[in-house]
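# A look at the structure
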Amino acid sequence: MITQTIANALNSQVGREFYSAYFYLSMSAQSDTLGLKGFASWFMAKYNEELLHAMKIYQYILNQSAQVKLLPIDQPPSTFEGPLAMYEATLAHEQQVTKNINDLIDLAMSERDHATQIFLHWFITEQIEEEATVSEIIAKIKLVGGRGDGLFMIDNQVGQKVSLPATTSSAAP
Ligand code: MG
């Protein structure tokens, strides 16, 4: 059993994970419109991952016999200047999510809720990986500058990389 304070905080995090999914779905659509199919599949894989994050917390709340309370999901931006802007927005967003997870752990610590702290460790590891991957893509995009041929090469590379992890993550929530 978790306290109401923890349940409320976790329900807010479920909402933020759904917002993340929405945010990446929007960028997937824009990448597709720009003809960048690799980036589009990368953002689509992110969308699926975020849904899994939301559902993981949702299931934890239920397992702890607390009440799931779904909150409204904000509208994500629908236009971005291009791939660099999208990946920079992704990094800023993931850094904010990392902060949210840290705040949740601080709260769980103050409530002496060891189960929730352990549960959230998975998310900390996940955030380290997310930030590293996104930083790597940003560095590559910056390297080619505005050159179309370089961008298409990265688009291709990024698209190939997602096909495997996307399948793996959807098979193992
Ligand atoms: Mg997430």
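Residues numbered from 1 in each chain as written. Predicted model: local features only at pLDDT ≥ 70, side-chain atom pairs only at ≥ 80, totals over all residues. Heavy atoms only, no water.

### Observations concerning the overall build of the chain
So the rule is basically this: Helix and strand definitions follow DSSP, with helices as H or I runs of at least four residues and strands as E runs of at least two, each counted in order from the N terminus. Computation of the radius of gyration draws on C-alpha atoms, with the globule rule given as 2.2 Å multiplied by the number of residues to the power 0.38. The criterion used for residue contact is that any of the two residues' heavy atoms lie within 4.5 Å. Residue burial considers only the protein chains on display, and all accessible areas are found by Shrake-Rupley using a 1.4 Å probe. For the charge count, each Lys or Arg is scored as positive and each Asp or Glu as negative, with His and the chain ends excluded. For charged residues, the charge sits on one atom: NZ in Lys, CZ in Arg, CG in Asp, CD in Glu.
Scanning the chain for helices and strands turns up 5 helices and 0 strands. Across the chain, helices and strands are ordered from the amino to the carboxyl terminus as α-α-α-α-α. Taken against the 2.2 N^0.38 rule, which gives 16 Å for 173 residues, the C-alpha radius of gyration of the chain at 17 Å falls within 12% of a compact globule. Here the C-alpha coordinates of the chain stretch approximately 55 × 30 × 25 Å along the principal axes. Counted over contacts in the chain with a minimum sequence separation of 6, partners at least 24 positions apart contribute 80%. Put simply, the chain shows about 9300 Å² of open surface, and 58% of that area lies on carbon and sulfur atoms. For the chain, the distance from the average site of its 11 positive side-chain charges to the average site of its 19 negative ones is 1 Å.

### A word on the coordination of the magnesium ion
Metal coordination angles in their ideal form are 109.5 degrees for the four-donor tetrahedron and 90 or 180 degrees for the six-donor octahedron. Defined as follows: Only N, O and S atoms count as donors, using a 2.8 Å limit from the metal and a wider 3.2 Å limit for Na, K and Ca, and since water is excluded some coordination spheres may look unfilled. A simple rule labels every residue: compare its accessible area, found with a 1.4 Å probe on the protein chains alone, to the largest value its type can have, and call it buried under 20%, exposed over 50%, or partly exposed in between.
Listed as protein donors to the magnesium ion are Glu17 (OE), Glu50 (OE) and His53 (ND1); their distances from the metal cover 2.1 to 2.2 Å. Residue classification places glutamate 50 among the buried positions, given a relative accessible area of 2%.

### Description of helix 1 (residues 4–33)
Note the threshold: Each residue after the first adds 1.5 Å to the expected span of a helix.
The end-to-end C-alpha distance of helix 1, which contains 30 residues, comes to 44 Å, matching closely the 44 Å that a straight helix rising 1.5 Å per residue would cover. Count one or two residues on from helix 1 and you reach glycine 35, which has phi positive near 85°.

### Some words on the side chain of glutamate 17
Just so we agree on the cut-off: Throughout this description, the term salt bridge denotes a Lys or Arg side-chain nitrogen within 4 Å of a carboxyl oxygen of Asp or Glu.
Considering the arrangement of structural elements, one finds glutamate 17 in helix 1. With no salt bridge to any partner, buried glutamate 17 finds its closest opposite charge in arginine 16, at an N-O distance of 6.9 Å. In contact with glutamate 17, other than residues within four places in its own chain, are Glu50, His53, Ala54, Ile57, Val97, Ile101 and Phe123.

### Some details on the environment of threonine 116
Here threonine 116 shows up in helix 4 (residues 114–144). The residues contacting threonine 116, other than those within four sequence positions of it, are Ile2, Ile6, Leu10, Tyr60 and Ala108.

### Some thoughts on the environment of glutamine 157
Note on placement: glutamine 157 falls in helix 5 (residues 148–171). Residues glutamine 157 and phenylalanine 39, 118 residues apart in the sequence, show an inter-C-alpha distance of 9.1 Å.

### Description of the nonpolar core
How we decide: Only buried Ala, Val, Leu, Ile, Met, Phe, Trp, Tyr and Cys residues count toward a nonpolar core, and they belong to the same one when joined by side-chain atoms within 4.5 Å.
Counting 22 residues, the largest nonpolar core has Phe39, Trp42 and Tyr87 as its most contacted members. Residue contributions to this core peak at 5 residues, all from helix 4. Those residues in contact with phenylalanine 39, other than ones at most four positions away along the chain, are Ser31, Pro83, Tyr87, Ile137, Ile141, Leu151, Ile154, Asp155 and Val158.

### Digging into unusual backbone geometry
Generally, phi is negative for residues other than glycine and the peptide bonds are trans, each holding for most cases. One non-glycine residue, serine 65, lies in the positive phi region at around 55°. Examined against the element boundaries, serine 65 turns out to sit in the loop between helix 2 (37–63) and helix 3 (83–110). Not every positive phi belongs to a glycine, and arginine 112 is a case in point at roughly 55°. Structurally, arginine 112 can be placed in the loop between helix 3 and helix 4. A residue is classified by how much of its surface remains accessible, and arginine 112, at 67% relative accessible area, is exposed.

### Description of the pattern of salt bridges
Per the stated rule, a full pass over the model turns up 8 salt bridges. Residues lysine 37 and aspartate 32 are paired through a salt bridge, measuring 3.0 Å at the closest nitrogen-oxygen approach. Glutamate 94 is the partner of lysine 46 in a salt bridge, and the nearest nitrogen-oxygen pair spans 3.3 Å. Here lysine 46, found in helix 2, pairs with glutamate 94, found in helix 3; they are 48 residues apart in sequence, far enough to count as distant. Of the two residues, lysine 46 and glutamate 94, neither departs from the other in class, the shared state being buried. One salt-bridge network, held together by shared partners, links Lys46, Glu50, Glu94 and Glu130.

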